[in-house]
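Each chain is listed here by its residues.
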Amino acid sequence: MKDDLEKRIEAAVKNPQNLGEMENADAIGTVGSADCGDMLRMWVKFKEEDGRKVIDRASFQTFGCQTAIAVASVATEMLAGKTVAEAMSMSGEELAAPLGALPPVKIHCAQLVEGALRSALSGAPAPVAKAGPSPAQSASLIESFAARAPAKLKIVLDT
Ligand code: FES
């Protein structure tokens with residue numbers, strides 16, 4: 001029998017919210033996980049509300065596992081209406097909270113979402129389409145993925 005966390009992750013992956021590039025984003029952040037090599041990009045759009053600059057909406061793309069997709073989905077839902085300071089203060093654990101507590105082996109998946117959010121909110125300008133690709137700010141996530149340093153492979157021969 002599946003536990004609640006697994007069911008919630010499955011549901012979020014089946015119907016991910018805010019998935020995809022955002023054309024007119026005000027900020028963008030891309031981060032790669034040193035633990036697994038996965039990548040996640042987040043787009044953020046701001047608006048003025050009661051004299052404060054708050055997040056209007058956020059979206060994401062990822063080459064990541066199901067947990068990363070599920071956390072990004074619930075996190076982007078939670079971010080609407082938060083100020084930059086409020087969003088910056090959120091940990092990966094808090095961003096994943098609607099799913100429930102993640103097992104230790106999956107904590108880095110939530111940290112991937114946290115990292116992309118922090119990267120976007122730290123003031124990096126949104127990339128201009130067709131700008132020269134750099135791993136962090138290229139025009140598409142696939143370019144960032146391709147621009148990563150090749151992973152070191154360890155080949156073990158079975159004797
Ligand atoms: Fe890489 Fe989850 S295993 S983000």
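Before any of the text, the structure's been laid out above.
Below, the structure is looked at part by part. (Residues numbered from 1 in each chain as written. Predicted model: local features only at pLDDT ≥ 70, side-chain atom pairs only at ≥ 80, totals over all residues. Heavy atoms only, no water.)

### Comments concerning the nonpolar core
Within soluble globular proteins, side chains that are nonpolar generally end up buried alongside one another. Short version of the rule: The nonpolar core is taken to be a set of buried Ala, Val, Leu, Ile, Met, Phe, Trp, Tyr and Cys residues, with the residues joined through side-chain atoms within 4.5 Å. Only protein chains enter the calculation, and the probe is 1.4 Å; a residue is then buried if its accessible area is under 20% of its type maximum, exposed if over 50%, and partly exposed in between. Where helices and strands are cited, they refer to DSSP runs of H or I of at least four residues and of E of at least two residues respectively, numbered from the N terminus. We call two residues contacting when some pair of their heavy atoms lies within 4.5 Å.
Core analysis: the biggest nonpolar cluster contains 33 residues, and Leu-40, Met-42, Val-44, Val-71, Leu-79, Leu-95 and Val-113 have the highest contact counts within it. Put simply, the parts of the chain that give this core at least two residues each are helix H1 (4-14), strand S2 (39-49), strand S3 (52-63), helix H2 (66-79) and helix H5 (107-121). Residue contributions to this core peak at 8 residues, all from H5. Among all residues touching Val-71, those that are not within four sequence positions of it are Leu-95, Ala-96, Leu-99, Leu-102, Ala-110 and Val-113.

### What to know about the packing of H2 against H5
Rules: Lines fitted to C-alpha atoms define the axes, with helix axes restricted to the stretch in contact, and inter-axis angles between N-to-C directions lie between 0 and 180 degrees. Any angle between 65 and 115 degrees counts as roughly perpendicular, while under 35 counts as roughly parallel, over 145 as roughly antiparallel, and the rest as oblique. Definitions for this section: a left-handed crossing has its near helix turned counterclockwise from the far helix by less than a right angle. A right-handed crossing has that turn clockwise. Gly is put with the polar residues, along with every residue not named as nonpolar or charged; the nonpolar set is Ala, Val, Leu, Ile, Met, Phe, Trp, Tyr, Cys and Pro, and the charged set is Asp, Glu, Lys and Arg.
Where H2 meets H5, the axes come as close as 8 Å, and the angle between the chain directions of the two elements is 45°. One finds that H2 runs oblique with respect to H5. As H2 runs across H5, the sense of the crossing is right-handed. Residue-level inspection shows Thr-67, Ala-68, Val-71, Ala-72, Ala-75 and Leu-79 of H2 in contact with H5, the latter providing Cys-109, Ala-110, Leu-112, Val-113 and Leu-117. Of the residues assigned to the contact of H2 with H5, the class counts are 10 nonpolar, 1 polar and no charged.

### Some details on the environment of Ser-91
With respect to the helices and strands, Ser-91 occurs in the loop between helix H3 (84-88) and helix H4 (92-95). The partly exposed category is assigned to Ser-91, whose relative accessible area is 24%. Along the chain, Ser-91 and Gly-115 lie 24 residues apart, while their C-alpha atoms are 9.3 Å from each other.

### Topic: H5
Definition in use: Multiplying 1.5 Å by the helix residue count minus one yields the expected span of that helix.
Taking 1.5 Å as the rise per residue, H5 with 15 residues should run 21 Å; its terminal C-alpha atoms sit 21 Å apart, in good agreement. Turning to H5, its buried residues are His-108, Cys-109, Ala-110, Leu-112, Val-113, Glu-114, Gly-115, Ala-116, Leu-117, Ala-120 and Leu-121. Where H5 is buried, its residues meet strand S1 (27-32), S2, S3, H2, H3 and H4. Following H5 by one or two positions, Gly-123 adopts a phi angle in the positive range, close to 105°.

### Some words on the sheet that holds S3
Our working rule: Only strands joined by at least two bridges in the DSSP assignment are considered to pair.
Spatially, 3 strands are ordered S1-S2-S3 in an open sheet, and the strand pairing comes out antiparallel. The two strands at the open ends of the sheet, each matched to only one other strand, are S1 and S3. With strand direction ignored, the average angle separating the axes of adjacent strands in the sheet is 20°. Across the face of the sheet, H2 comes into contact with S2 and S3 while running at roughly 165° to S3.

### Description of the pattern of salt bridges
Put simply, the rule reads: Counted as salt bridges are all cases of a side-chain nitrogen of Lys or Arg within 4 Å of a carboxyl oxygen of Asp or Glu.
Scanning all chains against the criterion turns up 5 salt bridges. Between Arg-57 and Asp-56 there is a salt bridge, with its nearest N and O atoms 3.7 Å apart. A relative accessible area of 29% means that Asp-56 is categorised as partly exposed. Residues Arg-118 and Glu-114 are paired through a salt bridge, measuring 2.9 Å at the closest nitrogen-oxygen approach. Within this pair, Arg-118 and its partner Glu-114 are both found in helix H5, separated by 4 residues, close to a single helical turn.

### Considering unusual backbone geometry
At Asn-18, a position not held by glycine, the phi torsion is positive, near 60°. By the element assignment, Asn-18 lies in the loop between H1 and S1. Despite not being glycine, Asp-50 shows a phi value in the positive range, around 55°. Positionally, Asp-50 belongs in the loop between S2 and S3.

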